[in-house]
Amino acid sequence: MKITEYSLAMPGAPALTMVLAADLHCRKYEKAMAALKDIRPDLVVSSGDMMHNCADFRVDESFNLPGLTFLTEAAGIAPVYLSVGNHERAMMPENRNILAERGIILLDNEWTRAHGMVIGGLSSPLRLRYRRMDPTPEPDMEMLSGFAAEEGFHLLLNHHPEYWPALICGSGIQLTLSGHAHGGQWHLFGRDIFAPGQGFFPKYASGLHRSDAGETLIVSRGMTNTVPMAPRFGNPTEFVVIRLTGETA
Amino acid sequence: MTVLQLLPLPEKLSSRGMVLYMAEGERPETWSHDALLTALRLYTGRTYKPEDVVRVPNEKPYLRDGGAEFSVTHSGEIWMVCIAPFPVGLDLQKHKEKYSPGVAKRYFHPSELALLEKARTDGMDLPLFFSIWCARESYAKFTGDGVAGMDKNYTTTASPVPLYEIPFRQGYSLTLCTAFEE
């Protein structure tokens, strides 16, 4: 697992260190947890898909233990904010209590003011069993509009990076953190190869992207490999560390 | 159990077989599908199963048997569905305490921004923002293209498909976008 660090000097941002945990899909997390203990961030944020079960989805001990345990242990180190990926989309109402009891703050198309910023979670609208070549349906635009209207520095946890150019960029949301694309699964000749919702040669499958106005998107390559039949190539799993400062460089 | 309430519509729409149902409760997204099936049963007299409502990404959901057209919306704790024999787009927006000028600039047509600017001098820009947003969403739902797929030249001030602003509670905007043969 590769640990990628970004240092961002963004006007209005609080000075803090956060870790972006994305797309664990209930796989092994020991290396990530060791890194987390070493980094000791001010907060842990997740753009979703920490759980995995696809069929009768419930965030409970039997189905989703690794995802839940990682987030629980992380909550013992720093506050944890989780937004809803497509693998958490079908979460039953009672599962919210399980997360809350473990100190995991779920942002399901909602936002909160904490750590000197407004932190929002834009939920994935995808149910499981979608076709990977299909375009991603639109998210809750009412949430986006309301979130952007809040004053202060905006941190948006948004599972689907493909939303950024068409729907998020230009609305004044300073920092968006995403996953879902798994780094394009393969990285060949300097290009990510395929991501659901973006198709072949996706533009937003990994790395840092910035608009002319300075709005920033960071896409995690994800913490695990979910396609054993076609293992990652040139695309290591990733744990992202973001060091924010409020001053311009 | 979801309690559905029938809301009044302009005679021009109701006389053509359009109905508007409303329900109220916490987290409408968790019971929206059940409420839709109930409303469809009331309207068509047929009992539909969840799989009878076909959902394709980036397209309007539709009934497999083509029994009726419908459009669902919810905002806050209010849920609504409009059902008709012809295509319809419905959107409800609960007004918030403020809006983002950045969002308006990002999504609105210059003619709509000009109206918003004019309203700002009278202190009426907040309700206007939500009215325009609501009208644009209803058009996006009518076409099935969504906000991202909207024609950049589209403006609610000269909509190619008629928009009907339906009076509802204070602090809400409610718009229907629909077309039918006269």
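Heads up: these notes are all about the structure in this document. Per chain, residues are indexed from 1 in the order of the written sequence. Lettering of chains starts at A and numbering of ligands starts at 1, both following the order in which they are written. Reporting of local features is limited, given that this is a predicted model, to residues whose pLDDT is at least 70; pairs of side-chain atoms are given and counted only at 80 or more, and all residues count toward the totals for whole chains, interfaces and linings. With hydrogens and water set aside, each side-chain value is computed from the structure's full complement of heavy atoms.

## Some remarks on the sheet that holds strand β3 (residues 43-46) of chain A
All names here are of chain A.
For step 1, the next point in the chain: Across the sheet, which stays open at both edges, the six strands sit in the order β1-β16-β2-β3-β4-β5 with mixed pairing between neighbours. The open sheet terminates on both sides in strands that have one partner only, identified here as β1 (2-9) and β5 (104-107). Adjacent strand axes in the sheet meet at a mean angle of 25° when their direction is disregarded.
For step 2, the next point in the chain: Two strands form a pair only when DSSP identifies at least two bridges running between them. Helix numbers and strand numbers start at the N terminus; a helix is a DSSP run of H or I with at least 4 residues, a strand a run of E with at least 2. Inspection of the sheet shows β3 paired to strand β4 (residues 80-83) by three bridges, in the parallel sense. Bridge pairing in β4 links V44 to V80.
For step 3, the next point in the chain: Along the sheet, helix α1 (residues 30-39) contacts β1, β2 (16-21), β3 and β16 (238-245); its crossing angle with β16, the most-contacted strand, is approximately 20°. The axes used here are C-alpha line fits, helices contributing only the stretch in contact, and every angle between their N-to-C directions lies in the interval 0 to 180 degrees. Note on definitions: a residue-residue contact is assigned when non-hydrogen atoms from the two residues lie within 4.5 Å.

## Description of the pattern of salt bridges
For step 1, the next point in the chain: Throughout this description, the term salt bridge denotes a Lys or Arg side-chain nitrogen within 4 Å of a carboxyl oxygen of Asp or Glu. Applying the stated rule across the entire model yields 14 salt bridges over all chains.
For step 2, the next point in the chain: With a shortest N-O distance of 3.0 Å, E24(B) and R169(B) are connected by a salt bridge. One end of the pair, E24(B), is in strand β2 (residues 19-24); the other, R169(B), is in the loop between β8 (163-165) and β9 (172-178), and 145 residues separate them in sequence.
For step 3, the next point in the chain: For E24(B), a relative accessible area of 48% corresponds to the partly exposed category.
For step 4, the next point in the chain: Here the salt bridges share partners, and the residues they tie into one network are R89(A), R96(A), D108(A), R27(B) and E29(B). Each residue is assigned to one of three classes by its accessible area relative to the maximum for its type, calculated with a 1.4 Å probe on protein chains only: buried under 20%, partly exposed between the two thresholds, exposed over 50%.

## What about the side chain of S46(A)?
Residues and elements named next belong to chain A.
For step 1, the next point in the chain: Positionally, S46 belongs in strand β3.
For step 2, the next point in the chain: For S46, a relative accessible area of 0% gives the class buried.
For step 3, the next point in the chain: A 3.5 Å cut-off defines polar contacts: any pair of N or O atoms within that distance qualifies, except that in protein one atom must be a possible hydrogen donor and the other a possible acceptor, and neighbouring residues in sequence count only when both atoms are side-chain atoms. Within the structure, the side chain of S46 is placed 3.2 Å from the backbone nitrogen of G48, a separation counted as a polar contact.
For step 4, the next point in the chain: In contact with S46, other than residues within four places in its own chain, are L20, A21, Y81, L82, S83 and L157.

## Details of the environment of D52(B)
Residue and element names in this part refer to chain B.
For step 1, the next point in the chain: Locating D52 in the fold gives a position in the loop between α2 (28-44) and β3 (53-54).
For step 2, the next point in the chain: Expressed as a C-alpha distance, the spacing of D52 and V88, which sit 36 residues apart in the sequence, is 19 Å.
For step 3, the next point in the chain: Beyond its immediate chain neighbours, meaning those up to four positions away, D52 contacts T47, Y62, L63 and R64.

## A word on the nonpolar core
For step 1, the next point in the chain: By nonpolar core is meant a set of buried Ala, Val, Leu, Ile, Met, Phe, Trp, Tyr and Cys residues that side-chain atoms within 4.5 Å join together. Core analysis: the biggest nonpolar cluster contains 35 residues, and L144(A), L156(A), I168(A), Y107(B), F108(B) and F129(B) have the highest contact counts within it.
For step 2, the next point in the chain: Of all the secondary structure elements, the ones that give two or more residues to this core are β7 (117-122), α4 (141-149), α5 (163-168) and β15 (216-219) of chain A together with α3 (101-107) and α5 (125-143) of chain B.
For step 3, the next point in the chain: Beyond its immediate chain neighbours, meaning those up to four positions away, Y107(B) contacts M141(A), L144(A), A166(A), L167(A), I168(A), W133(B), R136(B) and V147(B).
For step 4, the next point in the chain: Core analysis: the next-biggest nonpolar cluster, separate from the first, contains 28 residues, V44(A), F70(A), A74(A) and V80(A) among them.

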